[in-house]
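A look at the structure
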Amino acid sequence: MPKIIGSSLGEHRRQVREKVFDALRNQLYERGFDAITLSGVAAEAGVGRTAIYNHFPDREHLLVAFVEDEVSRYVTRLTDAVDAVDDPADKLAVFARLQLETLADYHLPPGATLASALAPSSYRRIAAHADPIGRMLTGILEEGMRRGRWPQQDVAVLAPMVSAALGARQVVDVPPEELPQAIDLAVAFVSRAVGVIPREASPGAPAPG
């Protein structure tokens, strides 16, 4: 009988998944999805091949489960960070910065490559996880217009343009020492692109004393 990690079967399953996800994350960084095998992930995670197949029948199921776990954690982190500031311009800057920092750290292949590597149903499951992030961006943009922090614009056009700018891997594919400045420049670009109005000129700004 396989050794149980933790105090219960549920804890065992959670810890096995964490070990497997950590190993997968490392291998995605080092070699990309095409070179991933379940046996290779199991070996790095220190779990038996039978154990990993009990959790994930193939590498597509493993990748989808990994992305669902990563995105769930990220959405919680992003929501907390955005909610911690009040000004829509600050919310947009926090959103943009975290998106870019995550892009720099996250090494799944880009959309078209990933779509060709996965079955359509698996890709749709992964793509669906962008929905709450997109809704958050739309909400920030709408709030900024409502509060006079940038001009009225068509959010249906503006949101995908901002998303495209924040998804440009060329921005973050720079030497590590250049990454902070690259992110600063990109965040400033997004603020200018939506037309952030200086606080003192914003209709919602308090009158000078």
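Each chain carries its own residue numbering, running from 1 in the written order of its sequence. Totals for whole chains, interfaces and linings use all residues, but because this is a predicted model, local features are given only for residues with pLDDT of at least 70 and pairs of side-chain atoms are given and counted only at 80 or more. Only heavy atoms go into the side-chain values, all of them from the structure, while hydrogens and water stay out.

Labelled according to an unreviewed UniProt entry, the chain appears under the name TetR/AcrR family transcriptional regulator, originating from Prauserella halophila.

Another aspect to go through is the packing of helix H8 (residues 131-146) against helix H9 (residues 155-166). In this description, a line fitted to the C-alpha atoms serves as the axis of each element, helices being fitted only across the stretch in contact, and the angle between N-to-C directions of two axes falls anywhere from 0 to 180 degrees. Only DSSP runs of H or I covering at least 4 residues are called helices, and only runs of E covering at least 2 are called strands; the numbering of each starts at the N terminus. H9 packs onto H8 with a crossing angle of 125° between their chain directions and a minimal axis gap of 10 Å. With respect to their mutual orientation, H8 and H9 come out oblique. The chirality of how H8 crosses H9 is right-handed. From H8, Leu-137, Thr-138, Leu-141, Glu-142 and Met-145 reach across to H9, where they touch Val-155, Leu-158, Ala-159, Val-162 and Ser-163. When the residues that make up the contact of H8 with H9 are grouped by side-chain class, the tally is seven nonpolar, two polar and one charged. Oblique is the label for every angle not falling under 35 degrees (roughly parallel), over 145 degrees (roughly antiparallel), or within 65 to 115 degrees (roughly perpendicular). For any helix crossing, the convention is left-handed if the near helix is rotated counterclockwise from the far helix by under a right angle, and right-handed if that rotation is clockwise. For this analysis, residues touch if any pair of their heavy atoms sits within 4.5 Å. Classes in brief: Ala, Val, Leu, Ile, Met, Phe, Trp, Tyr, Cys and Pro nonpolar; Asp, Glu, Lys and Arg charged; the others, Gly included, polar.

In the contact formed by helix H4 (residues 59-83) and helix H7 (residues 120-128), the axes pass within 9 Å of each other and the chain directions differ by 10°. One finds that H4 runs roughly parallel with respect to H7. Contact residues: H4 offers Glu-60, Leu-63, Val-64, Val-67 and Glu-68, while H7 offers Ser-122, Arg-125 and Ile-126. Within the contact of H4 with H7, the residues separate by chemical class into four nonpolar, one polar and three charged.

Residues of helix H2 (residues 38-45) that are buried include every one of Leu-38, Val-41, Ala-42 and Ala-45, and no others. On an axial view of H2, the arc spanned by its buried residues comes to 100°, and they lie on one face. Taken from the residues just after H2, Gly-46 is the one with a positive phi, measuring 75°. Only protein chains enter the accessibility calculation, which uses a 1.4 Å probe. A residue is then buried if its area is under 20% of the maximum for its type, exposed if over 50%, and partly exposed in between. Directions from the helix axis toward the C-beta atoms define the arc.

Right, let's talk about the packing of aromatic side chains for a bit. Pairs were defined over the aromatic rings of Phe, Tyr and Trp, the Trp ring being its six-membered one, requiring ring centres within 6.5 Å. Orientation was assigned from the angle between planes: stacked under 30 degrees, edge-to-face over 60, tilted for the rest. As enumerated under the stated definition, the model contains two aromatic pairs in all. Consider the rings of Phe-21 and Phe-56, whose centres lie 5.9 Å apart with planes at 40°: the pair is tilted. With Phe-21 in helix H1 (residues 9-31) and Phe-56 in the loop between helix H3 (49-55) and H4, this residue pair connects regions lying 35 residues apart in the sequence. Under the relative-accessibility criterion, Phe-56 is labelled buried at 2%. Where Phe-21 meets Phe-66, the ring centres are 5.8 Å apart and the plane angle is 65°; that geometry is what we call edge-to-face. On the criterion of sequence distance, the pair formed by Phe-21 in helix H1 and Phe-66 in helix H4 is long-range, its members being 45 residues apart. Since its relative accessible area comes to 1%, Phe-66 is described here as buried.

Moving on, we get to the nonpolar core. In terms of nonpolar packing, the biggest core is built from 53 residues, with Val-20, Phe-95 and Leu-141 touching the most fellow members. At the level of elements, H1, H2, H4, helix H5 (88-105), H8, H9 and helix H11 (179-194) are the ones that each hand at least two residues to this core. For this core, the leading source of residues is H4, giving 11 residues. When neighbours within four sequence positions are excluded, Phe-95 is seen to be in contact with Leu-78, Val-82, Ile-133, Met-136, Leu-137, Ile-140 and Leu-166. Residue types Ala, Val, Leu, Ile, Met, Phe, Trp, Tyr and Cys, when buried and joined through side-chain atoms within 4.5 Å, form a set referred to as a nonpolar core.

Another aspect to go through is the UniProt feature "DNA-binding region" (unreviewed entry) in the chain. UniProt positions are given in the numbering used here, feature names are shortened, and annotations may be inferred rather than shown by experiment. Mapped onto the present numbering, the UniProt feature "DNA-binding region" (unreviewed entry) falls at residues 37-56. Helix and strand shares over residues 37-56 are 75% and 0% respectively, and the end C-alpha atoms of the span are 12 Å apart.

Mapped onto the elements of the fold, Gln-99 is located in helix H5. Residue classification places Gln-99 among the buried residues on the basis of a relative accessible area of 19%. In this view, Gln-99 contacts Tyr-74, Leu-78, Ile-133 and Leu-166; residues no more than four positions away in its chain are not counted.

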